[in-house]
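Examination of the molecular architecture
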Amino acid sequence: MRLTLKIFTYLIFIVQIFSKPESGEGVLNDTWRSENNSKYKVWFQNWSSYTRLFITINEDTLSVQANKYAVTNKEKPYLFPATFSQILKRQIIGNIDWEDNISWEDGHVNTFTYIVDRSNPKIALPVKFEGIAVLENGKLRLELISSRDLKYHMQLVPTSVE
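Criteria and thresholds
Residues numbered from 1 in each chain as written. Predicted model: local features only at pLDDT ≥ 70, side-chain atom pairs only at ≥ 80, totals over all residues. Heavy atoms only, no water. Helix = DSSP H or I, 4+ residues; strand = E, 2+ residues; numbered from the N terminus. Buried < 20%, exposed > 50% of the residue type's maximum accessible area, 1.4 Å probe, protein only. Contact = heavy atoms within 4.5 Å. Areas by Shrake-Rupley, 256 points an atom, 1.4 Å probe, with all protein chains shown as cover. Phe/Tyr/Trp six-rings, centres within 6.5 Å; stacked < 30°, edge-to-face > 60°. Core = buried A, V, L, I, M, F, W, Y, C linked by side-chain atoms within 4.5 Å. Salt bridge = Lys/Arg side-chain N within 4 Å of Asp/Glu carboxyl O. Pairing = 2+ DSSP bridges. Axes fitted to C-alpha atoms, helices over the stretch in contact; angles between N-to-C directions.

Quick notes on the overall build of the protein chain
Across its full length, the protein chain holds one helix and eight strands. Seen in sequence order, the protein chain has helices and strands lined up from the N terminus as α-β-β-β-β-β-β-β-β. Buried positions account for 27% of the 162 residues belonging to the protein chain. Residue pairs in contact within the protein chain that sit at least 24 positions apart in sequence constitute 44% of those at least 6 positions apart. When the accessible surface of the protein chain is totalled, it reaches about 11,800 Å², and 54% of it is carbon and sulfur.

Here it is as structure tokens:
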């Protein structure tokens, strides 16, 4: 009898730890990526009193070729620099201030203010974005608009750790 009571207590404890609430910040997946390509990667960091948002934007891809004056050695051709692709990235990091209570029901529009306080490459900071986040059929639509004509419209799918 005591053993079954202990097992039952442990099961209840485990279910409470690993269950997610149906509304609020905890129900949303932490990491997201673009639906069709890898242009956007989004990471929500939920702290106790605020939410931090980290966005990586792949803006362009450069093909880097060896200098035409690079010395080649016929005995060791593997020492000649090879052509490679380099992805130009932009990273913006800041805090989210949610306007109302957050609900992640399908189709509910959550509005927020996103204040970017870190970026790479450097831009004039802080940058204030007005944004919306909508969960639709398991996909996150995230739209950010600033007064500096910066606009980001993202259709994101959750990333999973396997």
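A few points about the packing of aromatic side chains
Evaluation of the coordinates by the stated rule reveals six aromatic pairs. Site record: aromatic cluster; members linked through ring pairs are Tyr40, Tyr114, Phe129 and Tyr152.

Comments concerning the nonpolar core
Grouped together as the largest cluster of nonpolar side chains are 26 residues, with contacts concentrated most on Val42, Ile55, Tyr114 and Met154. Put simply, the parts of the chain that give this core at least two residues each are strand S2 (40–46), strand S3 (51–64), strand S4 (84–98), strand S5 (109–120), strand S6 (127–136), strand S7 (139–146) and strand S8 (151–158). Take this core: its biggest share by element is four residues, from S6. Ignoring sequence-local partners within four residues, the contact set of Val42 consists of Asp30, Thr31, Trp32, Leu53, Phe54, Ile55, Leu142, Met154 and Leu156.

Section: unusual backbone geometry
Along the chain, Asn120 connects to Pro121 via a cis peptide bond; the corresponding omega equals 0 degrees. Turning to its location among the elements, Pro121 is positioned in the loop between S5 and S6. A positive phi angle, near 65 degrees, is found at Asp149, a position not held by glycine. Note that Asp149 resides in the loop between S7 and S8.

What about the pattern of salt bridges?
Evaluation of the coordinates by the stated rule reveals five salt bridges. Close ionic contact of Arg141 with Glu136 constitutes a salt bridge, the shortest N to O distance being 3.5 Å. Assessed through its relative accessible area of 27%, Glu136 is described here as partly exposed. A salt bridge links Arg141 to Glu143; the shortest N-O distance between them is 2.8 Å. Here Glu143 falls in the partly exposed class, since its relative accessible area comes to 21%. A network of salt bridges, in which partner residues are shared, links Glu136, Arg141 and Glu143.

Regarding the pairing of S6
Sheet topology note: the S5/S6 ladder contains eight bridges and is antiparallel. Paired with Thr111 across the bridge in S6 is Ile132. Here S5 folds back onto S6, and the loop between the two strands holds six residues. As paired strands, S6 and S7 are joined by eight bridges and run antiparallel to one another. Bridge pairing in S7 places Ile132 opposite Glu143. Taking the residues between adjacent antiparallel strands as the criterion, S6 and S7 are bridged by two residues, where Asn137 takes a positive phi near 55 degrees.

Some remarks on the sheet that holds S5
Consider a sheet: its strands pair through backbone hydrogen bonds, and that pairing is either parallel or antiparallel. The strand order around the closed barrel built from eight strands is S1-S2-S3-S4-S5-S6-S7-S8, with neighbouring strands paired in antiparallel fashion. Within the sheet, the average angular offset between the axes of one strand and its neighbour, ignoring direction, is 30 degrees. Summarising the sheet, S7 and S8 pair through six bridges and their orientation is antiparallel. Looking at the pairing, Glu143 lines up with His153 of S8.

What is shown is where atoms sit, not what they do.
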